[in-house]
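# Fold and geometry: a report
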Amino acid sequence: MNTYVEEYIKRTRKSKSLYEEAVKHLPGGVATPIRTFDPYPFYAARAKGSKIWDVDGNEYIDYNNCYGVIIAGHANPVVEKAVKEQIEKGLIFGLPEEKEALLVKELKRRYPMMDMFRFTNSGSETTMYSLRIARAYTGKDKIVKMEGSYHGSHDYLMISHQPPLGKMGPAWAPTPFVHSDGIPKDTAKNTLVAPFNDAGALENILRKHEAEVAAVIMEPVIGNCGVLLPEKGYLEDVRTLTRKYNVVLIFDEVKTGLRIAPGGASEYFGVDPDIVCLAKVLGGGMSLGAFGATKDISSEIFPLGGAMHFGTYNGHPVSVAAGLAVLTQVLTDEAYEKLNLLGDRLRKGMRDILERSGIPAKVQGIGSMATILFNELDQITNYREAIRSDKEFFMKYWMGCVTKGVIMMGPKWSEESVLTTAHTESDIDQTLSVIDDTLKELTS
Ligand code: PMP
């Protein structure tokens, strides 16, 4: 590891000086803490297709793609054209604009169970408003989230996304762990936590709190513990239970939505939520979120009903233009086929390397998402299994790949690699040989 860090420091001198200036002005030197790691982050200069170049001129194949935002490759000409055309007309008007409804029509084509969508500016805002609408619809206050799922950093949901060992409580009834100072106790007590992939445990919670629970919010595929897939029948069971206990089912598809299938995990697994949360891919690289809801639930939203949702920047014309271009011009059925095939190639290659290496690890993923969890277990199905992964070894592996020109994912074990339509088989083969070399170095 030390040699990787030494090599990294040698390669990133300009980044180091930019960081030394930035720490004087931004807490931790960054706009969001997920972008930093020891000894300091490298700074982006530009990006094109599957590649990023840093300020020191190093080239990287990028599989982070801004944590899953980029799906059409960096600086995709179709998206750039749409953005430029919009910029020439004006950035933002404070008036409705034609493309909003066009983009919602496209979202409804992909999520046919949804009657209406509203735009926000981020995934966090989207999950926050979804909870309000669900509470308005049910007249109840509490919500249930899954241990290990991340839904953004607002007060209701900054809870138990990565609780520390020893503070988790029993597996079947996890103790909610509040991750941030400053969250009012009265707010946090409205959030209950269930284990992922355990319908029995969820039923116990819903039965116990039937009169109080407004919604179950979940990532149908957890993308914030590496990648954790729902076991066969689990999502269907959650759907049945939420109906039985009159609870709104919210799928947070900020990571999976518009990525693992045209209609995300809802389409892939054939389970219809009552509310769906989208962001990341949706804005084509610009800030954009949206929540969609069924007819009855949509009618709670002001001015149809009494649940407020406002925002000066909602449906920003440039974001909507970029999103519309990506969804309607780039993400064709063939594009999804390509993304999924590339995902298969990456996962298979990783599995072959790990098998040869004898390192205890598991490759998990779906569609164009893939991750390696350095973990002894054969199957990783929930947070408590995922957290047993070797995080120190992961950081060495990640740094080893960075020094060889590959950004495998964000600098944290719980993220994953995502592909874009700009990635090629040869990018993947080159990446696999970097992974192979790095793991050999780490185990020799
Ligand atoms: N939901 C999920 C599943 C996410 O992965 C994230 C961010 N990684 C969010 C919500 C929050 O999105 P944002 O960072 O845009 O607020």
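Residues numbered from 1 in each chain as written. Predicted model: local features only at pLDDT ≥ 70, side-chain atom pairs only at ≥ 80, totals over all residues. Heavy atoms only, no water.

## So, unusual backbone geometry
- For the peptide bond that leads from Asp38 to Pro39, omega is 5 degrees, which places it in the cis range.
- Counting through the fold element by element, Pro39 comes out in the loop between α2 (13-22) and β1 (44-48).
- Following Phe302, the chain continues into Pro303 via a peptide bond in cis, with omega recorded as 10 degrees.
- Topologically, Pro303 is positioned in the loop between α11 (295-298) and α12 (317-330).
- Of note in this structure, Ser160 is not a glycine but carries a positive phi near 50 degrees.
- Here Ser160 shows up in the loop between β5 (142-146) and α7 (185-188).
- Since its relative accessible area comes to 0%, Ser160 is described here as buried.
- Unlike most non-glycine residues, Asn197 shows phi in positive territory, near 65 degrees.
- Structurally, Asn197 is set in the loop between β6 (191-194) and α8 (199-208). (Helix = DSSP H or I, 4+ residues; strand = E, 2+ residues; numbered from the N terminus. Buried < 20%, exposed > 50% of the residue type's maximum accessible area, 1.4 Å probe, protein only.)

## Remarks on the pattern of salt bridges
- Applying the stated criterion across every chain yields a total of 20 salt bridges.
- Residues Arg110 and Glu106 are paired through a salt bridge, measuring 2.7 Å at the closest nitrogen-oxygen approach. Linking Arg110 with Glu106, this pair stays in helix α5 (residues 99-110), spanning 4 residues, or about one helical turn. Across the pair, exposure class does not vary: Arg110 and Glu106 are buried alike.
- Note that Asp436 is salt-bridged to Arg356, the shortest N-O span being 3.6 Å. With Asp436 in helix α16 (residues 425-443) and Arg356 in helix α13 (residues 333-357), this pair connects stretches of sequence that are 80 residues apart.
- The class of Arg356 is exposed, set by a relative accessible area of 61%. (Salt bridge = Lys/Arg side-chain N within 4 Å of Asp/Glu carboxyl O.)

## Quick notes on α8
- Along α8, the residues that are buried comprise Ala199, Ala201, Leu202, Glu203, Ile205 and Leu206.
- Considering only its buried residues, α8 is in contact with β5, β6, β7 (213-218) and α9 (234-244).
- At the N-terminal boundary of α8, the capping side chain belongs to Asp198, with an oxygen 3.3 Å from the backbone nitrogen of Gly200. (Contact = heavy atoms within 4.5 Å. Polar contact = N/O pair within 3.5 Å; in protein donor to acceptor, adjacent residues only side chain to side chain.)

## What about the pairing of β7?
- In terms of burial, β7 is a largely internal element, 6 of the 6 residues being buried.
- Direction of pairing for β5 relative to β7: parallel, over a ladder of 4 bridges. Pairing of Lys142 across the sheet is with Val213, part of β7.
- Pairing of β7 with strand β8 (residues 248-252) involves 4 bridges; the strand directions are parallel. Directly across from Ala215, in β8, lies its bridge partner Val248. (Pairing = 2+ DSSP bridges.)

## Description of the domain arrangement of the chain
- Domain annotation of the chain identifies domain 1 (2-71 + 332-443) and domain 2 (77-330).
- One C-alpha centre belongs to domain 1, the other to domain 2; they are set 26 Å apart.
- Across the contact, 33 residues belong to domain 1 and 39 residues belong to domain 2.
- Taken together, both faces of the contact between domain 1 and domain 2 bury some 2900 Å²; the carbon and sulfur share is 57%.
- Linking domain 1 to domain 2 there are 3 salt bridges.
- A salt bridge links Glu416 to Lys255, with the nearest nitrogen and oxygen atoms 3.0 Å apart.
- Here domain 1 is connected to domain 2 by 21 residue pairs in polar contact (both at pLDDT 80 or more).
- Listed by contribution, the elements that provide at least two residues to the side of domain 1 that touches domain 2 are α3 (65-68), α13, β11 (362-366), β12 (369-373) and α14 (383-386).
- With 4 residues, α13 is the largest single contributor of residues to the side of domain 1 that touches domain 2.
- Classifying every residue of the side of domain 1 that touches domain 2 by side-chain character gives 16 nonpolar, 11 polar and 6 charged. (Domains from an automatic or database assignment. Buried area = accessible area lost by both parts, 1.4 Å probe. Nonpolar A, V, L, I, M, F, W, Y, C, P; charged D, E, K, R; others polar.)

## Overview of the sheet that holds strand β2 (residues 51-54)
- The mixed open sheet is built from 4 strands, whose spatial order is β1-β2-β3-β13. The sheet is open, and its two edges are formed by β1 and β13 (406-407), each paired on a single side.
- Where strand β3 (residues 59-62) meets β13, 2 bridges bridge the pair, whose relative direction is parallel. Opposite Ile61, over in β13, you have Val406 as the bridge partner.

## Here's the deal with the packing of α5 against α12
- The interhelical angle for the contact between α5 and α12, taken along N-to-C directions, is 40 degrees, at an axis separation of 9 Å. Crossing of α5 over α12 shows left-handed handedness. Across the interface between the two elements, Lys99, Glu100, Leu102, Leu103, Glu106, Leu107 and Arg110 of α5 pack against Pro317, Val320, Ala321, Gly323, Leu324, Leu327 and Thr328 of α12.
- For the contact of α5 with α12, a count of residues per class yields 8 nonpolar, 2 polar and 4 charged. (Axes fitted to C-alpha atoms, helices over the stretch in contact; angles between N-to-C directions. Left-handed = near helix turned anticlockwise from the far one by under 90°.)

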